[in-house]
Amino acid sequence: MRRTYSLWSAGLSVSAVLLIVLSYGAAPADPEGFGKIMIQICFFGALASAVASLALSFLAWKNKERGFLKWTAPLILLGTLLVFLALFVFMVISFL
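Note that this is a predicted model, so its numbers are computed, not measured.

## Topic: the packing of helix 2 (residues 34-62) against helix 3 (residues 69-95)
- Viewed as axis vectors pointing N to C, helix 2 and helix 3 meet at an angle of 145°, and their least axial separation amounts to 8 Å. As for the relative orientation of helix 2 and helix 3, their crossing is left-handed in sense. Here A50, S53, L54, S57, A60 and W61 of helix 2 lie close against helix 3, whose contacting residues are K70, W71, A73, P74 and L77.

So, in structure tokens, the structure goes:
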């Protein structure tokens, strides 16, 4: 049975995006106690999920798996990175 690295890669990239959005969306202005711990768990879980997703995507390319799923992880993570970069640029522009 062949392993489908691309399917796991796509799933982990989606979970990384959901966890990073959850960590930013659920964060109050001044987090304290358990809320701070949950935000940290979501954030570092998103980072770990993103790294694992990219590693599995690399394994899918190495094994020459068919289909488009091996491309989804880098594209989803790149899109998320571009959105946060655009938000940062707009925030800087708003202060001018």
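## Considerations on the packing of helix 1 (residues 5-25) against helix 3
- One can describe the packing of helix 1 onto helix 3 by two numbers: an axis separation of 6 Å at closest approach and a directional angle of 20°. Classified by the angle their axes make, helix 1 and helix 3 are roughly parallel. In the crossing of helix 1 with helix 3, the sense of the turn from one axis to the other is left-handed. Counting all contacts with helix 1, which are made through S6, L7, S9, A10, S13, V14, A16, V17, I20 and Y24, the residues of helix 3 involved are L69, K70, T72, A73, I76, L77, T80 and F84.

## Observations regarding the environment of L19
- Within the secondary structure layout, L19 lies in helix 1.
- A sequence separation of 24 residues divides L19 from F43, and the C-alpha atoms of the two residues are 6.6 Å apart.
- Contacts of L19, omitting those with residues within four sequence positions, involve C42, G45 and A46.

## Some thoughts on the packing of aromatic side chains
- What the rule picks out here adds up to three aromatic pairs.
- Considering the side-chain rings of F43 and F44, the 5.3 Å spacing of their centres and the 75° angle between planes classify their relative orientation as edge-to-face.
- In this structure F44 comes out as exposed when scored by relative accessible area, which is 53%.

## Concerning the side chain of S6
- With respect to the secondary-structure elements, S6 resides in helix 1.
- A polar side-chain atom of S6 sits 2.8 Å from a polar atom in the side chain of E65.
- Those residues in contact with S6 that lie beyond four places of it in its chain are A60, E65, L69 and K70.

Procedures and definitions
Residues numbered from 1 in each chain as written. Predicted model: local features only at pLDDT ≥ 70, side-chain atom pairs only at ≥ 80, totals over all residues. Heavy atoms only, no water. Axes fitted to C-alpha atoms, helices over the stretch in contact; angles between N-to-C directions. Helix = DSSP H or I, 4+ residues; strand = E, 2+ residues; numbered from the N terminus. Left-handed = near helix turned anticlockwise from the far one by under 90°. Contact = heavy atoms within 4.5 Å. Parallel < 35°, antiparallel > 145°, perpendicular 65-115°, else oblique. Phe/Tyr/Trp six-rings, centres within 6.5 Å; stacked < 30°, edge-to-face > 60°. Buried < 20%, exposed > 50% of the residue type's maximum accessible area, 1.4 Å probe, protein only. Polar contact = N/O pair within 3.5 Å; in protein donor to acceptor, adjacent residues only side chain to side chain.

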